[in-house]
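Letter by letter, the chains look like this.
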Amino acid sequence: MTGEGAWVLLNGHPGWIAALAVLGALAVVSGLHSSRGLPPARRALLLGVRLAAVVAVAAAVLRPAREVDLTRAKRSPLAVVLDTSRSMALGPQAPGPALQRWLAEADLGRDLGAFYRVELLGLGDPPPVRDPAEPAEGGTFAGPHTPLGRTLESLARVRPDTAAVVLLSDGRDTERPGVPPGGLPFPVYPVVAGSGPVQDLWIEAVETPPVAFIRTPVEVRVRLGLSGLAPGPAAVTLLEGGRPLRSEVAELGPEGATVSLSFTPTRTGRRAYRVEVTPRPGEATAENNRAQFSLNVIRDKTRVLLVAGTPTWDVRFLSRRLRQDPGIDLITFLILRTPQDLALVPQDELSLIPFPTQELFGQELPSFDAVFFANFDYAPYVPRHFLDNLVRFVRDDGGGFAMLGGDRSFALGGYEGTPLEEILPLDFSGAAPGRAYLRGRFRPRLTDAGLRHPLFQWHPTSEENRALWNALPELDGMNWVLRPRPGAVVLAENPEARTEYGPQPLVALAEVGAGRTLAVASDSLWHWALPHAGAGGEDAAYRDFWTRALRWLVHDPEMELVRLGMPPSPVRAGQELRLRVRVLDRSYEPASGAALGGSLAAEDGLPIPLEWSEQAPGEYASAPVVLPREGLWRVEAQAQAGGAFLGRDAVEFPVEGESPEGLRLGVDRAYLEALAEASGGRAFPLGDRGLIQHLAERGRSQVEVVGRRVEEPWAAGPLLALSVLLFGLDWALRRFWEG
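Procedures and definitions
Residues numbered from 1 in each chain as written. Predicted model: local features only at pLDDT ≥ 70, side-chain atom pairs only at ≥ 80, totals over all residues. Heavy atoms only, no water. Axes fitted to C-alpha atoms, helices over the stretch in contact; angles between N-to-C directions. Helix = DSSP H or I, 4+ residues; strand = E, 2+ residues; numbered from the N terminus. Parallel < 35°, antiparallel > 145°, perpendicular 65-115°, else oblique. Contact = heavy atoms within 4.5 Å. Nonpolar A, V, L, I, M, F, W, Y, C, P; charged D, E, K, R; others polar. Pairing = 2+ DSSP bridges. Buried < 20%, exposed > 50% of the residue type's maximum accessible area, 1.4 Å probe, protein only.

### Comments concerning the packing of helix α7 (residues 313–324) against helix α14 (residues 540–553)
Then, number 1: One way to put it is that α7 packs onto α14 with a least axis distance of 10 Å and a crossing angle of 70°. With respect to α14, the axis of α7 lies roughly perpendicular. Only Y542, R543, W546, T547 and L550 of α14 make contact with α7, whose side of the interface consists of D314, F317, L318, R321 and L322.
Then, number 2: In terms of residue class, the contact of α7 with α14 is built from 6 nonpolar, 1 polar and 3 charged.

Here's what the structure looks like:
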């Protein structure tokens, strides 16, 4: 192949050009001079002959020639990308087999081999080279993913000289659904198979808020898609752990519908849910009629019930501290008048309200996260059987309970022998008459557990904490207690008051079933607040102590001894998974050598026991486990150390199917056409020979220069001979006419 070429001078030195210009000028001047007296026609003929002779000399010296480029077809790569994912073979109008037959029959190498290097590629990053014979032999469509956009972007990166791409796909990109890649350096020519919409109803998407709040309604929006089926109603159900939470009927239009499902979570943590839509008759598949999601349920506000038996300074400071926290919803009941108090006015004229025992301890108790009894003797106001409700609130429902000291608390409040005594961390049985309350100032002492426990961690270093603790003012008076109950942890004690079991505990806590309890055997902690600040100290010690105490009571995840890590998302069936858990001992140090148990179970399957191994101090990992199928799964872990139960944690998470393929069936024509337009290509229907013709024309226009040819039409010798003849003719004519 040759190009049009261009004229050049092979000896176009400026000196030669100038000399020839002078020669031409002399020839004209001398010709005009020597032909004087001749008729004009003869003078013109002589001048023309002389100029022709000069031109012949110039051509012989300058050597004009034509340079012509020698070209050939460029034969850049033509990538034929075949999508072998599962969706290509699903449904009654699966495009995969039809595209496979077209590829075998079209024989692109035969028709386009003169212009391109035809290569068959698969999906991947980088796209793998496939054997051209494989599709013709009936290769299977079993790919678990369709990374369509990523494949084309990778091809642009690793094969920048690609001339064009012929794409054989349904356009169902599973990584970026419906979003074709942009900025491709080559045109894409999709071959569109399929003759019509697939009959299907599917869950397009489930939209949830980033987080949900406990005891607050949550709205879940479910978008449904419809194709090839008549509009009509469809039942949509939301389930948790196989238990239906809410069901709605969606009215499907030609394009589907969006339905909202509202429910109220009652437990915090990472929760897993499933949405199902009842299949319609004639659907191509029911695999896409369900979807799973997880939701992080947290507390908006911690709801606290504070019941105080008398308006003491301790109650006043505690109430104000809790009210100052915007994250706390505080309900306070303060006993200002007992049934034994004399009244000078009738009962119905008093502005005080009766103590709402039934409402608080019979109806509203589950709505609270923690209950505080501050110097409160229950007997005149709370029937004994309501104490059983309080025990269930802690042990079964995971609530928190704290008892603060005073002359109406612990033994002085009549709690000895009650159900409440069983869940408190302190044993106060056997108090001698008149000694149930110890008067006088004392300086408390932190135990080893207290030095490390988060309740008393005001500063990052132990030295700073110890300095702050030693600077706190003395306390004034405490309730007599015998000893901590089994399993309880004493954080602070009064070294000056002892029983046969040692110093009397001042601050202690305990795990009780699913809940927690705290005991503070004094009503003078308020000395750490205003009086301490008035003496130049910081009231942060008082403020932070109660903040952390409440967080511990309500199971703040950051203060749990056993904490499961969330599995990476998404988790798919068949995937090997290792679960991790962090374990702290009761002093909040990493628990080395802890005994761990736990299991992994689907919502309707048998639990799979987990084996744990310690990876680092306090860090444990399970042996690899393969999740056999999709669904909602729950993992539990519990830990013991030194014979003491440290705690347990549980996490729910959804497990997706092995592959996202099949969630949508049929050809996404809009995606393929948008991809072609964005890349400068064009979508062709299956069987359209226009694709071959278009690519052939495009290939012909793409050539590369392989050499250059110089064509010199006039040789120097004949030109010089011609110039001599012309000069001779000029001389002969002039002689003849001059006569």
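Picking up after the structure, the text goes on.
### Let's talk about the pairing of strand β34 (residues 619–622)
Then, number 1: Summarising the sheet, strand β30 (residues 580–583) and β34 pair through 3 bridges and their orientation is antiparallel. Looking at the pairing, R580 lines up with A621 of β34.
Then, number 2: Here 4 bridges tie strand β33 (residues 612–616) to β34, and the two strands are oriented antiparallel to one another. The partner of S613 across the bridge, within β34, is A621.
Then, number 3: Counting the residues in the hairpin turn of β33 and β34 gives 2 residues, including G618, whose phi is positive at 80°.

### Some thoughts on the environment of L78
Then, number 1: Along the chain, L78 turns up in strand β3 (residues 76–82).
Then, number 2: Apart from residues no more than four positions distant in its own chain, L78 is found in contact with L112, Y116, R117, V118, E119, A164, V165, V166 and L695.

### Concerning the environment of L47
Then, number 1: On the secondary structure map, L47 appears in helix α2 (residues 40–62).
Then, number 2: Given a relative accessible area of 21%, L47 falls into the partly exposed group.
Then, number 3: Through-space distance from the C-alpha of L47 to that of A27 is 8.2 Å; in sequence the pair is 20 residues apart.
Then, number 4: Every residue in contact with L47, bar those within four places of it in the chain, is listed here: V28 and L32.

So far we have only geometry, and geometry alone does not tell us how the molecule works.
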